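# Breakdown of the fold
Residues per chain, in single letters:
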Amino acid sequence: MEWSRGFVDCHCHLSAAEFSHVGVQALVAVAEHSAEFEKVIQLSRRYPGLVFPCLGVHPVQASNAEQQRSANLKDLEDALPLIEHYKDDLLAIGEVGLDFTPRIANTDDQKEEQRQVFIRQIQLAKQLSLPLNVHSRSAGRPTINLLKEQEAEAGEAAASRKPVFGDRLPSSGTREAD
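A quick note: this is a predicted structure, and the numbers were derived from the prediction, not measured. (Residues numbered from 1 in each chain as written. Predicted model: local features only at pLDDT ≥ 70, side-chain atom pairs only at ≥ 80, totals over all residues. Heavy atoms only, no water.)

This brings us to empty space enclosed by the protein. Applying the stated criterion across every chain, the model contains one cavity of 30 Å³ or more. What the largest cavity holds in volume is close to 30 Å³. Forming the walls of the largest cavity are Val57, His58, Pro59, Ala71, Gly97, Gln114, Val117, Phe118 and Gln121. Take the lining of the largest cavity: its biggest share by element is four residues, from helix α3 (residues 108-128). Taken together, the residues that form the lining of the largest cavity break down as five nonpolar, four polar and no charged. (1 Å grid on protein atoms, 1.4 Å probe; cavity = no way out; pocket = protein on both sides within 12 Å on 5 of 7 lines; lining within 4 Å. Points joined across faces, edges and corners; volume = space filled by probe spheres on them. Helix = DSSP H or I, 4+ residues; strand = E, 2+ residues; numbered from the N terminus. Nonpolar A, V, L, I, M, F, W, Y, C, P; charged D, E, K, R; others polar.)

What follows covers helix α2 (residues 73-86). In a regular helix each residue adds 1.5 Å, so 14 residues correspond to 20 Å; α2 covers 20 Å between its end C-alpha atoms and thus fits that length. The largest bend in α2 comes to about 35°, at Ala79, with the proline Pro81 one to four residues further on. Those residues of α2 not exposed but buried are Asp75, Leu76, Ala79, Ile83 and Tyr86. Those residues of α2 that are buried lie in contact with α1 (37-46), β3 (51-55), β4 (60-61), β5 (69-70), β6 (92-99) and α3. Capping of α2 at its N-terminal end is provided by Asn72; its side-chain oxygen lies 3.0 Å from the backbone amide nitrogen of Lys74. (Expected span 1.5 Å × (residues − 1). Bend = angle between axes of the 7 residues up to and from the residue. Buried < 20%, exposed > 50% of the residue type's maximum accessible area, 1.4 Å probe, protein only. Contact = heavy atoms within 4.5 Å. Polar contact = N/O pair within 3.5 Å; in protein donor to acceptor, adjacent residues only side chain to side chain.)

Direction of pairing for β6 relative to strand β7 (residues 132-137): parallel, over a ladder of six bridges. The partner of Val96 across the bridge, within β7, is Val134. Viewed along the sheet, the connection from β6 through α3 into β7 turns out right-handed. (Pairing = 2+ DSSP bridges. Right-handed = clockwise from strand over helix to strand, strands pointing away.)

Another point: the nonpolar core. Core analysis: the biggest nonpolar cluster contains 32 residues, and Leu55, Ile83, Leu90, Ile93 and Phe118 have the highest contact counts within it. Looking at this core, the elements with two or more residues in it are β2 (24-30), α1, β3, α2, β6, α3 and α4 (140-149). When residues of this core are assigned to their parent elements, the largest contribution, seven residues, is made by α3. Every residue in contact with Leu55, bar those within four places of it in the chain, is listed here: Ala31, Phe37, Val40, Ile41, Leu82, Ile83, Tyr86, Leu90, Ala92, Ile93 and Gly94. Membership of the second largest hydrophobic core comes to seven residues, among which are Val30, Phe52, Cys54 and Leu91. (Core = buried A, V, L, I, M, F, W, Y, C linked by side-chain atoms within 4.5 Å.)

Throughout the structure, instances matching the rule amount to seven salt bridges. The partner of Asp75 in a salt bridge is Arg69, with the nearest N and O atoms 2.8 Å apart. The exposure class of Asp75 is buried, given its relative accessible area of 10%. Two residues, Glu77 and Arg120, come together in a salt bridge whose shortest N-O distance is 2.7 Å. With Glu77 in helix α2 and Arg120 in helix α3, the pair connects residues that are 43 residues apart, well separated along the chain. (Salt bridge = Lys/Arg side-chain N within 4 Å of Asp/Glu carboxyl O.)

We now examine the environment of Ala79. By the secondary structure assignment, Ala79 is in helix α2. Note on Ala79: relative accessible area 0%, which makes it buried. The spatial distance from the C-alpha of Ala79 to the C-alpha of Ala35 is 8.6 Å, given a sequence separation of 44 residues. Once residues lying within four places of it in the same chain are set aside, the contact partners of Ala79 are Ser34, Phe37 and Val57.

Here we come to the environment of Glu38. Position of Glu38 among the secondary structure elements: in helix α1. Owing to a relative accessible area of 33%, Glu38 belongs among the partly exposed residues under this scheme. Taking the C-alpha atoms as reference points, Glu38 and Leu82, separated by 44 residues in sequence, lie 8.6 Å from one another. Excluding residues within four positions of it along the chain, Glu38 makes contact with Leu82 and Tyr86. At 2.7 Å, the side chain of Glu38 forms a polar contact with the side chain of Tyr86.

Right under this line is the structure:
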């Protein structure tokens, strides 16, 4: 298959109608909570070379917009067995990060629990040699500071087990083969 230059959406929510027939050459599919993990993996298997999966616990958890809440350690505990199960299929751990929007995290305890969820996922990404797909809203400095504290290097996004996009797409690095 020959690839022409085109767009790569490196952060998409595949359920959005806007992604129908837009000429995107590759998709990085993120999950926000463990209930989405199987669908993301199924999509990556249905469309190999097009859909690249990321699994992680997003700082905002909800089955719909009206029930949004801050992520907690229970959410992460529920997600970890599935992440472990699919670790060899993953492009990255994500979408993870911090969201200190007042309607989501309005107490110091909620913010601290988000930090702990994020720290554990940074550590997991390092353990698995996978990059992170990071979300930050109303928490830019805390997110960057936490990444620095945890020694999550920007270059680590390129240090993993297998080529992802090969020479099809311009990038700042490629994943190395085993």
